[in-house]
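Spelled out from the first residue to the last, the chains are:
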Amino acid sequence: MAIEKLGQIALVRKEVHAWRRKGKRVGLVPTMGALHAGHLSLVKEIAKHADKVVVSIFVNPKQFGEGEDFEHYPRDLAGDLKKLEKEGADLAFTPAEEAMYPKGFRTTVSVAKLTRVLCGVSRPGHFDGVTTVVAKLLNQVGPDCAIFGEKDYQQLLVIKQMARDLDLPVEILSAPTVREKDGLALSSRNVYLSEHDRRTAALLPKALKTMSHMALEHKDLRDTEKKGRQFLLSEGFTTVDYVEFRSGKDLSLAERIDGDTRIFAAVHLGKTRLIDNMPVKG
Ligand code: AMP
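Notes on the structure follow.

Rules and cut-offs
Residues numbered from 1 in each chain as written. Predicted model: local features only at pLDDT ≥ 70, side-chain atom pairs only at ≥ 80, totals over all residues. Heavy atoms only, no water. Phe/Tyr/Trp six-rings, centres within 6.5 Å; stacked < 30°, edge-to-face > 60°. Buried < 20%, exposed > 50% of the residue type's maximum accessible area, 1.4 Å probe, protein only. Lys NZ or Arg CZ within 6 Å of the ring centre and 35° of its normal. Near = heavy atom within 4 Å. Polar contact = N/O pair within 3.5 Å; in protein donor to acceptor, adjacent residues only side chain to side chain. Areas by Shrake-Rupley, 256 points an atom, 1.4 Å probe, with all protein chains shown as cover. Helix = DSSP H or I, 4+ residues; strand = E, 2+ residues; numbered from the N terminus. Nonpolar A, V, L, I, M, F, W, Y, C, P; charged D, E, K, R; others polar. Expected span 1.5 Å × (residues − 1). Contact = heavy atoms within 4.5 Å.

A complete count under the given rule lists 5 aromatic pairs for this structure. Arranged with centres 5.7 Å apart and planes meeting at 75 degrees, the rings of Phe64 and Tyr73 form a pair that is edge-to-face. Of the two residues, Phe64 and Tyr73, neither departs from the other in class, the shared state being buried. Members of the aromatic cluster, each reached through a chain of ring pairs, are Phe58, Tyr101 and Phe105. Lys62 extends its terminal NZ or CZ atom over the ring of Tyr101, reaching a point 4.6 Å from the ring centre. The ring of Phe70 has Arg75 lying over it, and the distance from NZ or CZ to the ring centre is 5.0 Å.

This is the structure we're talking about:
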């Protein structure tokens, strides 16, 4: 069946209410579009938990800082709709910026603590933008469940915390990171990379794996982080915002490796910012 595309909040709400009245379970996949196989894996996964799948496509200005790539962020609505239709999604929700943030909009949803580390340090205000838009999308669509990628692991934890704290009647699901053959995590921003930078980018997941092995061999974690940072800079990454071992439960800095430890990194290659993370295991 052809995918339905709705931009108006009231119409989406009506459609979702109609489905739920018929006893259908509704799942939401929030995205910023420029869809790739990582996004489509979320559509596949949520379809296991829901009868109807809504995918929102909205490039959210509030989660971009000054001087970041909001204006240039890749957009391909026609291509996205084709991919979603092929994947069997039921509805694409494509709100306009004026509908999401009408004149006089004055509310920010903000989660404390989890947002003060990692990307919260290098992108101040970013997570407030994320939680504000996700809270709105959840209210607008009213799904039974919503899914987020482990690719943005900190975002996933922040959203879980928000849903818990605000008693949002929604189940938050997650799915593992989809990677290219050489290990690079799929990202809409990868299209910015030159051929040369694309080759360098593949060294990021490789470095995280090597660091994980070093950590498992009982190497000092802080020293391993320092060596990882030096390696990335020596291989041509422009800057390293962070490369850190932290708890996958609460993002506290890891003192030793346990079953929940993950390694997190954010780097720049020229103007392109890349993030990645993975569990530390043998
Ligand atoms: P974005 O469009 O970048 O806001 O991402 C929308 C959703 O897709 C978020 O939940 C991301 O974590 C998820 N996502 C992005 N890249 C990947 C990937 N490579 N694998 C799995 N999920 C992803």
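Taken together, 17 residues are adjacent to the ligand, and His39, Gly149, Asp152, Val178 and Leu186 come closest. Within the backbone of Gly149, one N or O atom sits 2.9 Å away from an oxygen atom of the ligand. At a separation of 2.9 Å, a nitrogen atom of the ligand approaches a polar backbone atom of Leu186. Burial of the ligand by the surrounding chains reaches 92%, relative to a free accessible area of 490 Å². Mapped onto the shell around the ligand, the elements with two or more residues apiece are strand E2 (26–31), helix H2 (37–47) and strand E5 (145–149). At 3 residues, the largest contribution of residues to the shell around the ligand is made by H2. A per-class count over the shell around the ligand returns 8 nonpolar, 7 polar and 2 charged.

Time to look at helix H9 (residues 203–216). Its 14 residues give H9 an end-to-end C-alpha distance of 20 Å, which sits within 8% of 20 Å, the value for a rise of 1.5 Å per residue. On its buried side, H9 packs onto helix H8 (195–201), helix H10 (221–234), strand E7 (239–247), strand E8 (261–269) and strand E9 (272–279). Following H9 by one or two positions, His218 has its phi on the positive side, about 70 degrees.

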